[in-house]
Amino acid sequence: MSADADADAGADAGADGAPLLAVDGIQTYYGDSHVLEGVDLEVREGEVVALMGRNGVGKTTTLRSVLQLTPPREGSIRYRGEELVGRETHEVADRGVGWIPEDRRMFAQLTVEENVRVAVPNADDTAAALELAFETFPDLEERREANAGDLSGGQQQMLAIARGLVGDNDLLLVDEPSEGLAPLVVEAVAEALTAAAADTSMLLVEQNLPLALDVADRFYVLDHGTVVDEGDTDDVSADAERLRRYLSA
Amino acid sequence: MSAAVSALSAVPVLSVLSALPALPLQFADALFEFLAPSTLGEVIVRGLAEASLYVMIAAGLTLVFGLMGVLNFAHGSLTMLGAYLGGLVLVITVAQSTGGVGRLLAFGAAVVVAFGGLAALGGALEVGLVRPIYDRPPLYQILLTFGVTLVLDELARIVVLFYGLQPTTVWQDVLGTKPAFLADSIGVAGVSASGLELFHVLFGVATVVGVHLFLTRTRYGLFVRAGSEDSEMLSALGVDVNRVFTVVFALGTGIAGAAGVLLAWDPAWGASVPLGAETLLPAFVVVIVGGLGTFRGTVVAALIVGLVDSTMTWWFQNVVSFTGLPEMVVFLVLVITLIVKPQGLYGVSEVGGH
């Protein structure tokens, strides 16, 4: 496809229901280890898509591939019609793709406020970004001067989500947001994600089935580095067994 | 009685034993003299001056290691190039008749030229040589920067020889551009310090404040601190980490260049080709004692090493006459730190973006 055609596709994406993100047959490796063996999926504008599967099937690797942190050796990843494969990670982020990683990846020696500041693309928007972050998670405002490394696991997850929210992103790649959190904190996280989903599309990796089905519109199930099932979450909510066979150990 | 003492003195061991009761007295006298406000003040000023030099030569090293995980063995040679480049500016701009203020202005110009020149060289080295091997094991970076040192030292030697200077001895013309008042002693409240020592302290404080403000008050400084912890996450937040690496490498080598100009005016160091190796070793000591990659640790370690060095120098010059020992004490500080706190005063177990 020519550059012009790329631009046209980008302009049309979303307006006519074309996918915001289209992952097509990606093959990703860690060294010699072949992790993704032809993953195909798409996220449309305004959608929350859950990516499910057992541990080690390639869910996190799929997110890392989209971000070009672990670039695929084959296949295509198009965002608003534009090819991401071959781009730098910061260029992918600049286009509005945010990441809320599995292990939170706080800058532990930076304060809560500094962690938010670093995620704001334009310094002029910092005040508004801090207001949004602290409005969404009042717990964080009380600890804005604390080092992120001193926060509880739940607060760190809130901060990770806040960083994603202030990043002016159109697509958030969210990796296991409820992992290791107390039930009350999971509720707060689910609320924040649901609120964020009102104006941001999401690709959500989540092992907590009720949470995933609650927040997501559609789902994909990965197994052995490939998609083995997909559909609307409404269809499986009444037929949870369809997913459990892929998710149970 | 006196015959008996003479007989004892004839036997070396016994003579030492007979002198033992005098040692505590001698030590007490020395301690009394050391703690006198004028002596203590002089030792502290000298220690602060040394700490300022140490922080200048180590700041760039620690910034680069903190962000990129690269131990830059060429850092000392870059300091040496700064000394020659700044020295050249001083020799060209300062005439016999130039007054003190004019010489200080020339020094300022030399610092700007050395900082700019070395920052440009550092940036080019990062982009051209270091960047392609970030993802390789640390040994590659050590070998590469060590190789750069050999090339830079040899190039400097050739150029210096070409212009008729002796590369292994200090460039005296540069020392001659120093204003007279820096060689004078200045007495304040009974404490006497040389003008050069106070100049070092001022320069060191300005550098520390400048770097601190850059790291804590600027958006780029925020990126540097974030990238020192997790450069991958930083890039996923939309920051061009490669550009941050280049800027920090350039800044680090620029500071090394500025440090070189300061050393070029100090007769104890001076501009010479071996200056690279002479500064690299204490720079590594300071960086390791402070904790690899932490700027705060480097500042504290420079203070400790500087004050310990000046204290021991006083004791080994005035009480126990053994001038080689003070230098050894610096390395003793390193050994003790590595035993008690192997990661350094403020170090964490893992640093660096790669």
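Everything numeric here is computed off the predicted structure, so don't read it as measured data.

> How should the packing of helix α4 (residues 37-68) of chain B against helix α10 (residues 195-217) of chain B be read in this particular structure?
Packed helix pairs are specified by the crossing angle of their axes together with the interaxial distance, meaning the distance between the axes. Residue and element names in this part refer to chain B. As a packed pair, α4 and α10 sit with axes 8 Å apart at the nearest point and diverge in direction by 35 degrees. Seen along the crossing, α4 lies across α10 with a hand that is left-handed. Taken together, the residues of α10 that come into contact with α4 (itself represented by V45, R46, L48, A49, S52, L53, V55, M56 and L63) are E197, L198, H200, V201, F203, G204, T207, V208, V211 and L215. Residue classes in the contact of α4 with α10 are distributed as 13 nonpolar, four polar and two charged.

> Could you clarify how one ought to interpret the pattern of salt bridges in this entry?
Between side chains of opposite charge, a pair can form as their charged atoms come close. Residues and elements named next belong to chain A. In the structure shown here, the tally under the stated rule is 20 salt bridges over all chains. In this structure, D223 and R54 form a salt bridge, with 3.7 Å as the shortest nitrogen-oxygen distance. With D223 in strand β9 (residues 218-223) and R54 in the loop between β3 (48-52) and α2 (59-66), this pair connects stretches of sequence that are 169 residues apart. Using a relative accessible area of 26% as the deciding quantity, one classes R54 as partly exposed. Across the pair R144 and E113 runs a salt bridge, and its minimum N-O distance is 3.1 Å. With R144 in the loop between α6 (138-142) and α7 (153-165) and E113 in helix α4 (residues 112-118), this pair connects stretches of sequence that are 31 residues apart. For R144, a relative accessible area of 26% gives the class partly exposed. Residue class for E113 comes out buried when judged on its relative accessible area of 12%.

> Would you mind showing me how to read the sheet that holds strand β2 (residues 33-43) of chain A here?
Remark on secondary structure: sheet strands pair via backbone hydrogen bonds, oriented parallel or antiparallel. All names here are of chain A. In spatial order, the strands read β2-β1-β4-β5; together these four strands make up an open sheet with antiparallel pairing. The sheet is open, and its two borders are formed by β2 and β5 (82-83), each paired with just one other strand. As judged from the two bridges shared by strand β4 (residues 74-79) and β5, these two strands associate in the antiparallel manner. Note that in β5 the partner of Y79 across the bridge is E82. Against the sheet, α2 touches β1 (21-30), β2 and β4, its axis set at about 110 degrees to β1.

> Just to check I follow, could you spell out the UniProt feature "transmembrane region" (unreviewed entry) in chain B for this structure?
All names here are of chain B. Feature annotation in UniProt assigns "transmembrane region" (unreviewed entry) to the following positions: residues 43-71, 78-98, 104-130, 142-165, 198-215, 244-265, 285-307 and 319-340. As annotated, residues 244-265 has a helix share of 95% and a strand share of 0%, and its two end C-alpha atoms lie 32 Å apart. The span residues 285-307 is 83% helical and 0% strand by assignment, and the distance between its end C-alpha atoms comes to 14 Å.

> In this structure, what is going on with the sheet that holds strand β7 (residues 171-175) of chain A? I would like to understand it.
All names here are of chain A. Here we have six strands laid out as an open sheet, ordered β6-β7-β8-β3-β9-β10, and mixed in their pairing. The open sheet has two free edges, formed respectively by β6 (97-100) and β10 (226-232), since each of these has just one partner strand. On average, adjacent strands in this sheet sit at an angle of 15 degrees to one another, irrespective of strand direction. As paired elements, β3 and strand β8 (residues 201-205) share four bridges and run parallel to each other. In the sheet register, V49 faces β8, and the bridge partner there is L203. The sheet contacts of α2 involve β3, β6, β7, β8 and β9, and relative to β7 the element is tilted by about 150 degrees. Docked against the sheet, helix α8 (residues 183-197) engages β3, β7 and β8, running at close to 150 degrees with respect to β8.

> How should I be thinking about helix α11 (residues 219-229) of chain B in this particular structure?
One turn of an α-helix holds 3.6 residues; hence residues three or four places apart share an orientation. Buried within α11(B) we find B:G221, B:L222, B:F223, B:V224, B:A226 and B:G227. Where α11(B) is buried, its residues meet α4 of chain A together with α4, α10, α12 (231-236) and α13 (241-264) of chain B.

> Looking at this structure, I do not really get α7(A). What am I missing?
Residues and elements named next belong to chain A. In a regular helix each residue adds 1.5 Å, so 13 residues correspond to 18 Å; α7 covers 18 Å between its end C-alpha atoms and thus fits that length. Among the 13 residues of α7, 11 are classified as buried, and the element is accordingly described as predominantly covered. Regarding α7, the residues found buried are G154, Q155, Q156, Q157, M158, L159, A160, I161, A162, R163 and G164.

> Looking at this model, I keep getting lost on the interface of chain B and chain A. Mind explaining?
Chain B puts 18 residues into the contact, and the matching count from chain A is 25 residues. The shortest N-O distance in the salt bridge between B:D230 and A:R105 comes to 2.5 Å. For the pair chain B and chain A, the number of links is nine residue pairs in polar contact (both at pLDDT 80 or more). Where the side of chain B that touches chain A is concerned, the elements lending two or more residues are α11 and α12 of chain B. Sorting elements by how many residues they give to the side of chain B that touches chain A places α11(B) first, with six residues.

> Would you mind going over the pairing of β2(A) with me for this structure?
Along any regular strand the residues' side chains alternate between the sheet's two faces. Examined bridge by bridge, β1(A) and β2(A) share eight bridges and lie antiparallel to one another. Looking at the pairing, A:Y29 lines up with A:H34 of β2(A).

> I keep staring at the confidence of the model for chain A and nothing clicks. Help me out?
Any segment with low pLDDT has predicted coordinates that should not be analysed in fine detail. Of all residues in chain A, 92% have pLDDT values of 70 or greater, and the mean over the chain is 88. Contacts from residues 1-15 of chain A, a stretch scored under 50 in pLDDT, to residues over four places away or in other chains number 14 contacts.

> Just checking my understanding: could you explain the packing of helix α14 (residues 275-290) of chain B against helix α15 (residues 295-318) of chain B for this structure?
All names here are of chain B. Where α14 meets α15, the closest approach of the two axes is 7 Å, and the angle between their N-to-C directions is 120 degrees. As for how α14 packs across α15, the hand of that crossing is right-handed. Between α14, through V286, V287, V289 and G290, and α15, the contact on the second element is made entirely by G297, T298, A301, A302 and V305. Split into classes, the residues belonging to the contact of α14 with α15 amount to six nonpolar, three polar and no charged.

About the cut-offs
- Residues numbered from 1 in each chain as written.
- Chains lettered and ligands numbered in written order.
- Predicted model: local features only at pLDDT ≥ 70, side-chain atom pairs only at ≥ 80, totals over all residues.
- Heavy atoms only, no water.
- Axes fitted to C-alpha atoms, helices over the stretch in contact; angles between N-to-C directions.
- Helix = DSSP H or I, 4+ residues; strand = E, 2+ residues; numbered from the N terminus.
- Left-handed = near helix turned anticlockwise from the far one by under 90°.
- Contact = heavy atoms within 4.5 Å.
- Nonpolar A, V, L, I, M, F, W, Y, C, P; charged D, E, K, R; others polar.
- Salt bridge = Lys/Arg side-chain N within 4 Å of Asp/Glu carboxyl O.
- Buried < 20%, exposed > 50% of the residue type's maximum accessible area, 1.4 Å probe, protein only.
- Pairing = 2+ DSSP bridges.
- UniProt positions renumbered as here; feature names shortened; annotations may be inferred.
- Expected span 1.5 Å × (residues − 1).
- Polar contact = N/O pair within 3.5 Å; in protein donor to acceptor, adjacent residues only side chain to side chain.
- pLDDT = per-residue confidence, 0-100.

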